[in-house]
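# Analysis of the macromolecular model
Read off the chains here:
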Amino acid sequence: NLKEMKIKGLKWIVTMSITLTLTGCEFFGLDMQESYEYDYKAGIPDNNVHMNAWDFIQSRLDIFSLLKDAVKYADMEETFQSEDCTYLLPTNTAFTATGNSLGYFDTHKVKVESLDEEGNPIRDEEGNIVYVDEAPISMTMYPKEQVKEFLLYHIVKGKYTFTNLPAEPTWFETFAPADTAKINMYVYKDRNPNITFNNFEGHYKNDIKPRSSNLQTARGSYIHVIDSWMDRPTKKILGIK
């Protein structure tokens, strides 16, 4: 009868709609989303790396080999096992980038002996060794105190991530000793919100965002992985006389 024909027709339309939807997803390369463990208490997928920051650095030597060497050189292994702090971990790219990318090595060159083709030091007319500015290949080529202060400046006091950072640029204390050792952090809210670091006038690079963020250590601290290094603000920027 007419009623049965309508029901069959409706079932056919629904079946075809589902088939076309699934086929369309495969055709455009949009695979069906796989399920994942959901942390209902946090309201987000589990972000705990189940290790401290030092172990995390050592677990990813493909991107942190230079940072690992710096931490060991400065005898700061224990500092990277702390709780109640936020680690900004620079990748190898942050150190080795050249040109307009302004890597740390390229902008903080060291004086090395100028050598001839046989590897002997070149001397001037008065017999003094000639030195040239050269980008280092490791943080171990800098004074240990410089490396220590660099690392301490990339550790913020307190735990900060998407859920508790403000939407406006705000200064936060780091573990570095100077009165200008503050990091500017906030969540830039647009279609793709992300944390922004040291976006202030005069910083060597603006709009620095993490490549990975919101990673929580086994001790409750947070990790944000960055492909840039952070430079300190001036007293003028902070309003310090």
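Everything below is about the structure printed above this text.
So, here is what we can say about the structure in this document. (Residues numbered from 1 in each chain as written. Predicted model: local features only at pLDDT ≥ 70, side-chain atom pairs only at ≥ 80, totals over all residues. Heavy atoms only, no water.)

### A word on the overall build of the chain
What counts, and what does not: Each helix is a run of H or I in the DSSP string that is no shorter than four residues. Each strand is a run of E no shorter than two, and both are numbered from the N terminus. Each residue's exposure class comes from its accessible area (1.4 Å probe, protein chains only) as a fraction of the maximum for that residue type: buried when under 20%, exposed when over 50%, partly exposed otherwise. In this analysis, two residues are considered to be in contact whenever any of their non-hydrogen atoms come within 4.5 Å of each other. Here, Shrake-Rupley sampling with a 1.4 Å probe gives the accessible areas, and only protein chains in the shown set may cover a residue.
For the chain, the count of helices and strands is 7 helices and 11 strands. Counting across all 241 residues of the chain, residues that qualify as buried make up 36%. Of all intrachain contacts in the chain linking residues separated by at least 6 positions in sequence, the fraction that spans at least 24 positions is 57%. As presented, the chain carries roughly 15200 Å² of accessible surface, and 51% of it is formed by carbon and sulfur atoms.

### Regarding empty space enclosed by the protein
This is how the line gets drawn: Within this scheme a cavity is a closed region of a 1 Å grid, computed over the protein atoms alone, that accommodates a 1.4 Å probe without allowing it to escape, whereas a pocket is open but has protein on both sides within 12 Å along at least five of seven lines; lining residues each have an atom within 4 Å of a point. Grid points are joined across faces, edges and corners, and a volume is the space filled by probe spheres set on the points. Residues are grouped as follows: Ala, Val, Leu, Ile, Met, Phe, Trp, Tyr, Cys and Pro are nonpolar; Asp, Glu, Lys and Arg are charged; all remaining types, including Gly, are polar.
Tallied over the entire structure, the rule returns 1 cavity of 30 Å³ or more. Counted as a void, the largest cavity has a volume near 40 Å³. If you list the elements that add at least two residues to the lining of the largest cavity, you get strand 3 (85-90) and helix 6 (144-153). Ranked by the residues each element gives to the lining of the largest cavity, the list is headed by strand 3, at 3 residues. The residue makeup of the lining of the largest cavity, split by class, is 8 nonpolar, 1 polar and no charged.

### Let's talk about helix 3 (residues 61-73)
To keep things clear, this is the line we draw: In this analysis, the expected span of each helix is defined as 1.5 Å times one less than the number of residues it contains. In this scheme, the bend at a residue equals the angle between the axes fitted to the seven residues that finish there and the seven that begin there.
Here helix 3 spans only 16 Å end to end across 13 residues, well under the 18 Å set by a 1.5 Å rise per residue. At Leu67, helix 3 is bent by approximately 35°, the largest bend along its length. When helix 3 is considered as a whole, its buried residues turn out to be Ile63, Phe64, Leu66, Leu67, Ala70 and Val71. Next to the buried residues of helix 3 lie helix 2 (53-59), strand 3, helix 4 (92-96), helix 5 (104-107), helix 6 and strand 11 (222-226).

### Observations concerning unusual backbone geometry
Of note in this structure, His50 is not a glycine but carries a positive phi near 60°. Mapped onto the elements, His50 comes out in the loop between strand 2 (44-45) and helix 2. In this structure, Asp75 is a non-glycine residue whose phi angle is positive, near 55°. As for its position among the elements, Asp75 is in the loop between helix 3 and strand 3.

### Notes on the layout of surface pockets
Approximately 150 Å³ is the volume found for the largest pocket. Forming the walls of the largest pocket are Tyr104, His108, Gln146, Glu149, Phe150, Tyr153, His154, Trp229, Met230, Asp231 and Arg232. With 4 residues, helix 6 is the single largest residue contributor to the lining of the largest pocket. Residue composition of the lining of the largest pocket, by class: 5 nonpolar, 3 polar and 3 charged.

### A few points about the sheet that holds strand 3
Strands in a sheet are paired, the pairing made by backbone hydrogen bonds, and the direction either parallel or antiparallel. Put simply, the rule reads: Following DSSP output, two strands are said to pair if at least two bridges run between them. Only C-alpha atoms enter the line fits that serve as axes; for helices the fit covers just the stretch in contact. Angles between N-to-C directions range over 0 to 180 degrees.
The 4 strands are arranged 6-3-11-10 in an open sheet whose pairing can be described as mixed. Lying at the two open borders of the sheet, with one neighbouring strand each, are strand 6 (155-157) and strand 10 (212-216). The sheet shows a mean angle of 20° between the axes of neighbouring strands, taken without regard to direction. As paired strands, strand 3 and strand 6 are joined by 3 bridges and run antiparallel to one another. Along strand 6, the bridge assignment pairs Tyr87 with Ile155.

### Considering the nonpolar core
Note the following rule: Nonpolar cores were defined as sets of buried Ala, Val, Leu, Ile, Met, Phe, Trp, Tyr and Cys residues, with membership established by side-chain atoms within 4.5 Å.
Counting 50 residues, the largest nonpolar core has Phe80, Leu89, Met139 and Leu151 as its most contacted members. Considering each element in turn, this core owes the most residues, 6 residues, to helix 3. Here Leu89 is in contact with Phe56, Ile57, Phe64, Leu67, Phe80, Ile223, His224, Val225 and Ile226, once residues within four sequence places are set aside.

### Notes on the sheet that holds strand 9 (residues 194-197)
Spatial strand order, 7-8-9: 3 strands in an open sheet with antiparallel pairing. Each end of this open sheet is capped by a strand with a single partner; those strands are strand 7 (170-173) and strand 9. Sheet twist, expressed as the average angle between the axes of neighbouring strands with direction ignored, equals 35°. Where strand 8 (residues 182-188) meets strand 9, 4 bridges bridge the pair, whose relative direction is antiparallel. Across the sheet, residue Tyr188 finds its bridge partner in strand 9, namely Asn194.

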